[in-house]
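Here is what each chain is made of, one letter per residue.
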Amino acid sequence: MNHVTSRFDARDSQQLEAGLEAARDALAQNRCIVMPTDTVYGIAADAFSAQAVATLLAAKGRGRNMPPPVLIPQAATMDGLAIDIPAFARDLAAEFWPGALTLILHAQPSLTWDLGETRGTVALRMPDDEVARQLLRSTGPLAVSSANRTGHPAAATAEAAFGQLGETVEVYLEAGARPIAGEALSSTIVDCTLTPPRVVRAGAISVEALRVVVPDLLDTDGQPDPALTVDAAPSSDESGAGFEQAEADVNDAAAEALPASDDFLLPDANSDSDSAEAEADADSDADADSDADADIASGPATTHSDAKSGTSPGAAPVETQNRGGTESGDAAGESARTP
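These numbers come from a predicted model, not from an experiment. (Residues numbered from 1 in each chain as written. Predicted model: local features only at pLDDT ≥ 70, side-chain atom pairs only at ≥ 80, totals over all residues. Heavy atoms only, no water.)

## Looking at the overall build of the protein chain
Then step 1. On a plain count of helices and strands, the protein chain comes out with 11 helices and 13 strands.
Then step 2. With 339 residues in all, the protein chain has 53% of them scored as buried.
Then step 3. As displayed, the protein chain offers around 13700 Å² of accessible surface, 50% of which is attributable to carbon and sulfur atoms. (Helix = DSSP H or I, 4+ residues; strand = E, 2+ residues; numbered from the N terminus. Buried < 20%, exposed > 50% of the residue type's maximum accessible area, 1.4 Å probe, protein only. Areas by Shrake-Rupley, 256 points an atom, 1.4 Å probe, with all protein chains shown as cover.)

See the structure below:
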């Protein structure tokens with residue numbers, strides 16, 4: 001069955017409503033759409049549909065070794081998709097969400113989804129874009145990668161995205177150039193599966209700003225804040241050697257923990273070409289492709305429905321918007337602003 005590509009101008013209120021409805025319908029049929037975010041335009045698919053995610057990767061010319069991150073509509077959704085969330089990750093989300101910060105966390109093992117070779121992790125972000133938020137509130141989590149073919153710049157408009165992706169995408173939502181103001185930078189990515197956490201891609205939010213919230217955050221080179229290093233300077237050559245070994249251990253652990261991903265996320269750590277490509281794209285916030293293993297906390301296992309409605313087990317019920325209407329779910333403790 002052939003599907004006709006539809007394009008909507010989301011700057012017009014009537015076209016916006018029609019476009020959001022068409023986008024919801026396309027996503028429900030495991031098809032892809034193009035939507036604006038606060039960084040660049042993204043190609044989106046239902047995060048819980050392996051078929052839809054495969055279609056997304058194929059449209060980009062990308063393999064499973066570069067799984068897409070997941071955009072979420074509210075902070076409570078984080079608890080439905082991740083486990084063992086450290087306090088510092090919640091603090092970062094509370095300060096910088098919605099916004100250009102991606103957090104790598106241990107994925108809920110109870111979820112029946114397939115984003116690719118994630119190595120038991122999931123990368124989550126709440127975009128600071130009104131059109132994106134409207135869509136996410138009605139669809140739940142979406143797998144989203146920058147709207148471009150691999151090796152080409154990410155699109156700053158839906159028109160530019162159509163020039164690269166064409167009819168592989170069913171619905172295009174045009175909302176004008178992104179970002180709306182300022183330099184086009186990719187989201188900053190923090191790996192919260194490590195202790196201390198580490199910035200694994202520099203982006204729109206500086207390491208200095210992040211360290212106001214998490215002082216022991218390591219930078220992309222695995223280095224701590226120089227001020228903390230001076231304060232804790234070793235008193236002998238022997239202790240200095242121990243510090244260097246500890247730092248090497250941190251770097252080794254970080255290298256093992258990094259998930260392969262793309263666009264708003266990370267390059268494959270095992271691929272020199274992908275790494276170079278993503279590094280070049282990060283300079284333009286296009287990431288030319290820019291972007292576990294623990295027991296479930298007490299309470300019933302998180303279900304597919306729980307995660308899509310942005311809830312977690314064992315908390316007070318609230319009304320949350322899901323595809324096709326509202327449903328009652330368990331609300332996770334709200335620790336961050338909603339997008």
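## Some details on the nonpolar core
Then step 1. With 72 residues, the main nonpolar core has Val-34 and Trp-113 as its most contacted residues.
Then step 2. Top element by residues in this core is helix α1 (residues 13-28). It accounts for 6 residues.
Then step 3. Not counting residues within four places of it along the chain, the set of residues in contact with Trp-113 comprises Ala-47, Phe-48, Val-70, Leu-81, Ala-107 and Val-122. (Core = buried A, V, L, I, M, F, W, Y, C linked by side-chain atoms within 4.5 Å. Contact = heavy atoms within 4.5 Å.)

## Overview of the environment of Val-214
Then step 1. Turning to its location among the elements, Val-214 is positioned in the loop between α7 (207-213) and α8 (226-231).
Then step 2. Considering only alpha carbons, one finds Val-214 and Asp-91, 123 residues apart in sequence, at a separation of 8.0 Å.
Then step 3. Setting aside residues up to four positions removed in sequence, Val-214 forms contacts with Phe-88, Leu-92 and Pro-197.

## Looking at the packing of α1 against helix α5 (residues 130-139)
Then step 1. Taken N-terminus to C-terminus, the directions of α1 and α5 make an angle of 45°; their axes are 11 Å apart at the nearest point. Relative to α5, the element α1 is oriented oblique. As α1 packs across α5, the resulting crossing turns out to be right-handed. On α5, the residues that touch Leu-16, Glu-17, Leu-20, Ala-23, Arg-24 and Leu-27 of α1 are Val-131, Gln-134, Leu-135, Ser-138 and Thr-139.
Then step 2. A class-by-class count of the residues in the contact of α1 with α5 yields 6 nonpolar, 3 polar and 2 charged. (Axes fitted to C-alpha atoms, helices over the stretch in contact; angles between N-to-C directions. Parallel < 35°, antiparallel > 145°, perpendicular 65-115°, else oblique. Left-handed = near helix turned anticlockwise from the far one by under 90°. Nonpolar A, V, L, I, M, F, W, Y, C, P; charged D, E, K, R; others polar.)

## Things to note about the confidence of the model for the protein chain
Caution is warranted with low-pLDDT regions, since their predicted coordinates should not be read in detail.
Then step 1. On average, residues of the protein chain score 76 in pLDDT, and 66% of them are at 70 or above.
Then step 2. Scored below 50 in pLDDT, residues 235-306 makes 188 contacts in the model with residues more than four places away or belonging to other chains.
Then step 3. Confidence drops under pLDDT 50 across residues 309-339; counting only partners more than four residues distant or on other chains, this segment forms 93 contacts. (pLDDT = per-residue confidence, 0-100.)

## Quick word on the packing of aromatic side chains
Then step 1. One pass over the full model with this rule turns up 2 aromatic pairs.
Then step 2. Pairing Phe-48 with Trp-113 gives two aromatic rings, centres 5.5 Å apart and planes at 25°, and the pair type is stacked. Remark: Trp-113 occurs in the loop between β6 (101-107) and β7 (121-125) and Phe-48 occurs in the loop between β3 (42-46) and α2 (50-60); sequence separation between them is 65 residues. The burial state of Phe-48 is the same as that of Trp-113; both residues are buried.
Then step 3. Ring plane angle 75° and centroid distance 5.3 Å describe the contact between Phe-162 and Tyr-172, whose orientation is recorded as edge-to-face. Residue Phe-162 is found in helix α6 (residues 158-165), and its partner Tyr-172 is found in strand β9 (residues 171-174); the two are separated by 10 residues along the sequence.
Then step 4. Using a relative accessible area of 26% as the deciding quantity, one classes Phe-162 as partly exposed.
Then step 5. For Tyr-172, a relative accessible area of 1% puts it in the buried group. (Phe/Tyr/Trp six-rings, centres within 6.5 Å; stacked < 30°, edge-to-face > 60°.)

## Description of α5
Then step 1. Taking burial as the measure, the 10 residues of α5 include 7 buried ones, the bulk of the element.
Then step 2. Between the side-chain oxygen of the N-cap and the backbone nitrogen of Val-131 there are 3.1 Å, and the N-cap of α5 in question is Asp-129.
Then step 3. Looking at the residues trailing α5, positive phi occurs at Gly-140, about 85°. (Polar contact = N/O pair within 3.5 Å; in protein donor to acceptor, adjacent residues only side chain to side chain.)

## Observations concerning α2
Then step 1. Those residues of α2 lying buried are Ala-52, Val-53, Leu-56, Leu-57, Ala-59 and Lys-60. Take α2 and look down its axis: the buried residues cluster within an arc of 160°, on one side only. Exposed and oriented more than 90 degrees from the buried face of α2 are Gln-51 and Ala-58.
Then step 2. Taken together, the buried residues of α2 touch β3, β8 (142-146) and α6.
Then step 3. Gly-61 lies just past α2 and shows a positive phi near 75°. (Arc of directions from axis to C-beta.)

## Looking at the pairing of β6
Then step 1. In terms of burial, β6 is a largely internal element, 6 of the 7 residues being buried.
Then step 2. In terms of strand pairing, strand β5 (residues 82-83) meets β6 through 2 bridges, oriented antiparallel. Opposite Ile-83, over in β6, you have His-106 as the bridge partner.
Then step 3. Direction of pairing for β6 relative to strand β10 (residues 188-191): parallel, over a ladder of 4 bridges. In the strand pairing of β10, Leu-103 is matched with Val-190.
Then step 4. Examined bridge by bridge, β6 and β7 share 4 bridges and lie antiparallel to one another. Counterpart to His-106 in the pairing with β7 is Thr-121. (Pairing = 2+ DSSP bridges.)

## A closer look at the pattern of salt bridges
Then step 1. Scanning the entire structure with this criterion turns up 10 salt bridges.
Then step 2. Here Asp-79 ties to Arg-90 by a salt bridge, and the two come within 2.7 Å at their closest N and O atoms. Of this pair, Asp-79 sits in helix α3 (residues 77-81) while Arg-90 is found in helix α4 (residues 87-96), placing the two residues 11 residues apart along the sequence.
Then step 3. With relative accessibility at 24%, the residue Arg-90 sits in the partly exposed group.
Then step 4. Across the salt bridge formed by Arg-133 and Glu-130, the nearest N and O atoms sit 2.7 Å from each other. Here Glu-130 and Arg-133 lie together in helix α5, a separation of 3 residues that amounts to about one turn.
Then step 5. Given a relative accessible area of 39%, Glu-130 falls into the partly exposed group.
Then step 6. Within this structure, Asp-128, Glu-130, Arg-133 and Arg-137 form a network of salt bridges that share partners. (Salt bridge = Lys/Arg side-chain N within 4 Å of Asp/Glu carboxyl O.)

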